[in-house]
Amino acid sequence: MHLKGQKDPVASRRWLIQWVLNPNVSHPRTRMPIMHLKPAEAARVADWLLSQKVDDREFQEWNDKDVPAPTQEMLKNLARVYLKKAPAVNTLKVDEVLEKGFTDLKTEAPLMTDDADEQVLVNIKPGDLNDKLKYYIGKKAVGRMGCFACHDIPGYEYAKPIGTPLNDWGKKDPARLAFEDIVAFVKANYQTVPARDDPTDKAKPAKKWTEAVKDGKKPYEQFFFDALEGHMREGFLHQKIEDPRSYDYNRDMKWDDRLRMPQFRFAHPRRTDGEGDDEFKARTDQAEAEAREAVMTFILGLVAEPIHPRYLNNPPPDRLAEVKGRQVLEKFNCAGCHLVRPGVYEVRADQQTRELLKLSHDTVAKGLSTDYGDVKAPIDFAADNAWGAPPPADPDRLQMFGVRPGIRKPTPRQVEQLGIDPDRDLLRFRLADAAAFVDPARQVKVFPAGVNVGVFKDQVVSESRSFGGTFADLMVPYLAKKDLTKYKMEGEGDDRDSNTARRDLPPPLVREGERVQPEWLFTFLRNPTPIRPQVILRMPKFNMSDDDAKALVNYFGGADKLRNPGIGLTYPYLTVPQRDEFYWRERSADYVGRLEKAGELEARGKSYLEETQKRLEAAREAATAAKDDAKKEAEAQRDALEAEVKALKEAVDTKNAARLKKSLEEAQLYWSDGYRLLATTGKSICLDCHRVGAVKAKEEQGPPLELAFSRLRPDWTEHWMANPDRLLTYPTPMPQNFPRGQLLFQELMSGSSLEQVGAARDVLMNLPKVADMPVNRSYRAATSGGK
């Protein structure tokens, strides 16, 4: 977009600010997103764009031309050309129409249809003639030149193309091609030279073509001249692309009957530093010729022959969703900001590579600090490819999925224990999926995802780098330079990175399909809303259609279902079993039964009674203080708690285990204890970083947890809370609150780490309903009020 040379800089700046704020105003179907900028921010962007120097001589030459406005006589002459050709117009009345328009359609244009372009010239009012003529001429010109083929122009939605169909051009009979006097034209304007890629010619093609220009005649390859002279398809097509209107040579034609195919420019090379005009022109001609031949190859392959069904690609639904989604990803350049796919690395597993991997794996298995980072002991979900991986098909060839690769030297420990050359390069990356390998003892070992692994660079057979995330990668060092205290860079050399900066930048979309609910993702793509409070960039609003949004939703679902089949991913529809009434009753009964089996039922009943009595007191105070409509609701909450306390007290006082068990089940102890895991103040579980409904966080850094109800999938949520590092492409600041083998937070909820994770997941999937339980509403008010 060149605005530097506009005649009215104030108008240019105003338009550009409006475009940056909301491009849909100027172009309803643009792919340019709404960036949620403030007017002052958009003004700064516009000022920067307008300050850029234009290094385009062709544009500058065109911009310097001062084209005068057409006079009324010019407009009449142009309109006369079209009116004389209009079949519904009486040619004897053309001059009269150009003065005052049509007055009597029945006599002046009896065959004019209701949608004819000439309708605009009916009953022209004084002073409107120029505007009417411009509209008429412009509409005729757009239709004649076929501008609607590329541009979105209202009124031309169903217009037929003006060009010849090309679907069978590759087998078109050369006898049907109008060569006319084209050979004479080429002889008069070009001079033949050998082929550009002639292997016997040692000169540089670009230099050769420059030197071949004599007497102002451009070089013309002998091959294409022979094909043109022999009336072959290849020769005709080459010249048609080279100079479309050259076929009008020596033909007397009216200006509006000339060939209309535009002169396309297929190559757009940039001038390099220190490159002269002749060198740049020669290189441009070379690139243009190569691009022209590429277009020819495509057109000559259009033979309109149906392909046998056995040779047609008929992908299964998941693969088809992935293919269609990639088209939308490229359309909106999602990979510019977001990491979409991890890299793929194939490694030759020789004996020393196995020893290197085993050394790392032994340290990882102990859960200690290793050469490749700190590894937490996870809860295992073997079916998820973040935890488990099948044995390699070939023990001597490994395939690993990783991100953020970097070159490192072996550590002193590796050099000492393995005898590695200290100058031998290691390729180090973070695993996005679990990876299996065969150790020197021929036993299969597995690295979980989230672990940093190093392999010998010279043993990497092939590597396909990660797709996407370029903008985030560029922003990390920028943020660190801007605020080193907040965005501290860690590591050395190529490994330097800032996990805090990664957290505040566009998130990776790896595992997006298994993370979010399809309905939420569709709504978010159509109208993005803020999620993370500390992020420095907002997801822009793209002019995305429903079909595009559905294609992206299905892409993430299909791609993750193919990459991680063990989790049983479903899309585009999702059922959340945790919201079923039967599931509620079953979880409550199981939890109380677990307490009884562990001998904790009576103690938990007493402590729950004491907690409920305290909440009842808070509810009574709230009911007394409430007014108007809020008073009725507060009184209802108080009455519900009073009934619950009464039933619990009778069961505890009588020491009736069966009655206590029933009372705790009816009180839905499982859900209230699960809610305590999330919303208890003073415990480092969720409230340090996340808001839980009305309970505010200590320092809000993560998304509000009430979003999880509609946003996250249940299985992913469970796996995430079990070990967050497994599911992200960078170390997350979220801690592993429920490590395997440790009984934590038993005062909040009894059970193993896995059982606590399941309870927290269940509560998140029902958070609005659980938070609205009488016991939790009063508990919420008490804890939040006491902070």
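Up top is the structure.
Procedures and definitions
Residues numbered from 1 in each chain as written. Predicted model: local features only at pLDDT ≥ 70, side-chain atom pairs only at ≥ 80, totals over all residues. Heavy atoms only, no water. Helix = DSSP H or I, 4+ residues; strand = E, 2+ residues; numbered from the N terminus. Buried < 20%, exposed > 50% of the residue type's maximum accessible area, 1.4 Å probe, protein only. Contact = heavy atoms within 4.5 Å. Axes fitted to C-alpha atoms, helices over the stretch in contact; angles between N-to-C directions. Parallel < 35°, antiparallel > 145°, perpendicular 65-115°, else oblique. Left-handed = near helix turned anticlockwise from the far one by under 90°. Patch = residues over 30% accessible without salt bridge, like charges linked within 9 Å, V, L, I, M, F, W, Y side chains within 5 Å. Areas by Shrake-Rupley, 256 points an atom, 1.4 Å probe, with all protein chains shown as cover. Salt bridge = Lys/Arg side-chain N within 4 Å of Asp/Glu carboxyl O. Pairing = 2+ DSSP bridges. Phe/Tyr/Trp six-rings, centres within 6.5 Å; stacked < 30°, edge-to-face > 60°. Lys NZ or Arg CZ within 6 Å of the ring centre and 35° of its normal. Expected span 1.5 Å × (residues − 1). Arc of directions from axis to C-beta. Polar contact = N/O pair within 3.5 Å; in protein donor to acceptor, adjacent residues only side chain to side chain. Core = buried A, V, L, I, M, F, W, Y, C linked by side-chain atoms within 4.5 Å. Lys, Arg positive; Asp, Glu negative; His and termini not counted.

**Let's talk about the overall build of the protein chain**
Assigned secondary structure in the protein chain consists of 30 helices and 13 strands. When the 787 residues of the protein chain are sorted by exposure, 42% land in the buried category. A sequence separation of at least 24 residues applies to 67% of the contacts in the protein chain between residues at least 6 apart.

**Structural notes on the packing of helix H1 (residues 9–21) against helix H2 (residues 39–51)**
At a minimum axis separation of 8 Å, H1 and H2 run at an interaxial angle of 125 degrees. Considering the angle they form, H1 stands oblique to H2. Between H1 and H2 the crossing geometry is right-handed. On the side of H1, the interface is formed by Arg13, Leu16, Ile17, Val20 and Leu21, while H2 contributes Pro39, Ala42, Ala43, Val45, Ala46, Asp47, Leu49 and Leu50.

**Let's talk about a nonpolar patch on the surface**
There is a patch of nonpolar side chains on the surface, built from Val45, Trp48 and Leu49 and spanning about 280 Å² of accessible area. Relative to the assigned elements, Val45 resides in helix H2.

**A word on the environment of Ala178**
In this structure, Ala178 sits in the loop between helix H7 (129–145) and helix H8 (182–189). On a C-alpha basis, the gap between Ala178 and Phe236 in space is 8.7 Å, while along the polypeptide they are 58 residues apart. Apart from the residues lying within four places of it in its own chain, the contact partners of Ala178 are Phe236 and Tyr247.

**Considering the sheet that holds strand S8 (residues 426–431)**
If you walk across this open sheet you meet the five strands as S11-S8-S7-S4-S12, and the pairing is antiparallel. One side of each edge strand has no neighbouring strand; the edge strands of this open sheet are strand S11 (452–456) and strand S12 (460–464). Each adjacent strand pair in this sheet contributes to an overall mean axis angle of 45 degrees, direction not counted. Of the strands in this sheet, strand S4 (343–348), strand S7 (397–408), S8 and S11 touch helix H14 (residues 351–366), which is tilted by about 160 degrees from S11.

**Looking at the environment of Ser752**
Considering the arrangement of structural elements, one finds Ser752 in the loop between helix H27 (714–722) and helix H28 (753–765). Relative accessible area serves as the criterion here: at 28%, Ser752 is assigned to the partly exposed category. Through-space distance from the C-alpha of Ser752 to that of Phe738 is 8.7 Å; in sequence the pair is 14 residues apart.

**Thoughts on the packing of aromatic side chains**
Tallied over the full model, the rule gives 22 aromatic pairs. Summarising the aromatic geometry, the rings of Phe264 and Phe266 are spaced 6.0 Å apart at their centres and angled 35 degrees between planes, so their arrangement reads as tilted. Judged by its relative accessible area of 30%, Phe266 falls in the partly exposed class. Taken together, Trp169, Phe179, Phe236 and Tyr247 form an aromatic cluster joined through their ring pairs. Geometry around Phe401 places Arg563 over its ring, the cationic atom sitting 5.8 Å from the centre.

**Quick notes on helix H21 (residues 581–597)**
For H21, with 17 residues, the first-to-last C-alpha span of 24 Å sits near the 24 Å given by 1.5 Å per residue. Every buried residue of H21 is accounted for by Tyr583, Trp584, Ser588, Tyr591, Val592 and Leu595. Buried residues in H21, looked at end-on, bunch into an arc of 155 degrees, giving them a common side. Exposed residues on H21 whose side chains face more than 90 degrees from its buried face are Phe582, Arg585 and Lys597. Taken together, the buried residues of H21 touch helix H22 (601–625), helix H24 (657–666), helix H25 (669–679), H28 and helix H29 (767–771). The backbone nitrogen of Phe582 has a side-chain oxygen 2.9 Å away, supplied by the residue at the start of H21, namely Asp580. Backbone geometry just after H21 places Gly599 at a positive phi near 75 degrees.

**Examining the pattern of salt bridges**
Side chains that differ in sign of charge can pair as their charged atoms come close. Taken as a whole and judged by the stated rule, the model has 55 salt bridges. Notably, a salt bridge pairs Lys139 with Asp117, separated by 3.5 Å at the nearest N-O pair. With Lys139 in helix H7 and Asp117 in the loop between helix H6 (105–108) and H7, this residue pair connects regions lying 22 residues apart in the sequence. The class of Asp117 is partly exposed, set by a relative accessible area of 22%. A salt bridge links Arg587 to Asp590; the shortest N-O distance between them is 2.9 Å. Here Arg587 and its partner Asp590 are both found in helix H21, three residues apart, which amounts to about one turn of the helix. Residue Arg587 is classed as partly exposed on the basis of its relative accessible area, which comes to 23%.

**Describing the nonpolar core**
In terms of nonpolar packing, the biggest core is built from 61 residues, with Leu664, Trp671, Tyr675, Val692 and Leu764 touching the most fellow members. Of all elements in the fold, only H21, H22, helix H23 (628–654), H24, H25, H27, H28 and H29 reach the threshold of two or more residues within this core. Per-element tally for this core: the top contributor is H25, with seven residues. Excluding residues within four positions of it along the chain, Leu664 makes contact with Val592, Leu601, Gly605, Tyr608, Leu648 and Leu669. Formed by 22 residues, the second largest nonpolar core is a distinct cluster that contains Val328, Leu525, Phe542 and Ala551.

**Brief notes about the side chain of Asp439**
Note that Asp439 resides in the loop between strand S9 (435–438) and strand S10 (444–447). No salt bridge is formed by the buried Asp439; the nearest opposite charge belongs to Lys445, separated by 4.3 Å. Of note is the side chain of Asp439, whose polar atom sits 3.0 Å from the backbone nitrogen of Ala441. In this structure Asp439 touches Arg354, Lys358 and Lys445, once residues within four positions along its chain are discounted.

**Observations concerning unusual backbone geometry**
Pro572 follows Tyr571 through a cis peptide bond whose omega is 0 degrees. Checked against the element boundaries, Pro572 lands in the loop between helix H20 (546–563) and H21. The backbone of Asn250 shows a phi angle near 65 degrees, a positive value even though the residue is not glycine. Of note, Arg442 is a non-glycine position whose phi angle comes to about 65 degrees, a positive value. Position of Arg442 among the secondary structure elements: in the loop between S9 and S10. Looking at Arg442, the relative accessible area reads 51%, which means it is exposed.

**Some words on H27**
Counting buried positions along H27 gives eight out of nine residues, so the element sits mostly inside the fold. Every buried residue of H27 is listed here: Pro714, Trp716, Thr717, Glu718, His719, Trp720, Met721 and Ala722. Residues of H27 that are buried make contact with helix H18 (512–515) and H28.

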